[in-house]
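Each chain is listed here by its residues.
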Amino acid sequence: MNTAHRPVSHRQLPDWLTEGAAAVDEGGHGRRGIVQFIGEWEDPATRRVTDCAIFLRPEGGGAEWIVADHRTLTQG
């Protein structure tokens, strides 16, 4: 059995998780945001690349944040 890490593709994301969707970041203390973009992101600290990182912005504006693991998000 191959246990190598396989990157997440857009097809593996939940159906509700699309650009413009409201989401709650349970891994980020319950912050609520709107999905701005889903795409590649490289963590500057580890240099690890995430193929389907979720870029969120608070509703009404504010500082964007990035969620590398979509499993910490719930539909909001």
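Coordinates for the structure precede this section.
> Lay out the packing of aromatic side chains in plain terms, naming residues and giving numbers.
The tally for this structure, following the rule as stated, stands at one aromatic pair. A cation sits over an aromatic face here: arginine 31 above tryptophan 65, 4.1 Å from the ring centre.

> Give me the lowdown on the side chain of aspartate 25, citing residues and values where you can.
With respect to the helices, strands and loops of the structure, aspartate 25 is situated in strand 1 (residues 22–25). Among buried Asp, Glu, Lys and Arg side chains, aspartate 25 stands out as unpaired, with arginine 31 the closest opposite charge at 4.1 Å. Among the polar contacts made by the side chain of aspartate 25, one reaches the main-chain amide nitrogen of glycine 27 at a distance of 3.2 Å. In this structure, aspartate 25 is in contact with Gly30, Arg31, Trp65, Val67, Thr72 and Leu73, ignoring residues within four places of it in sequence.

The rules behind each value
Residues numbered from 1 in each chain as written. Predicted model: local features only at pLDDT ≥ 70, side-chain atom pairs only at ≥ 80, totals over all residues. Heavy atoms only, no water. Phe/Tyr/Trp six-rings, centres within 6.5 Å; stacked < 30°, edge-to-face > 60°. Lys NZ or Arg CZ within 6 Å of the ring centre and 35° of its normal. Helix = DSSP H or I, 4+ residues; strand = E, 2+ residues; numbered from the N terminus. Buried < 20%, exposed > 50% of the residue type's maximum accessible area, 1.4 Å probe, protein only. Lys, Arg positive; Asp, Glu negative; His and termini not counted. Salt bridge = Lys/Arg side-chain N within 4 Å of Asp/Glu carboxyl O. Polar contact = N/O pair within 3.5 Å; in protein donor to acceptor, adjacent residues only side chain to side chain. Contact = heavy atoms within 4.5 Å.

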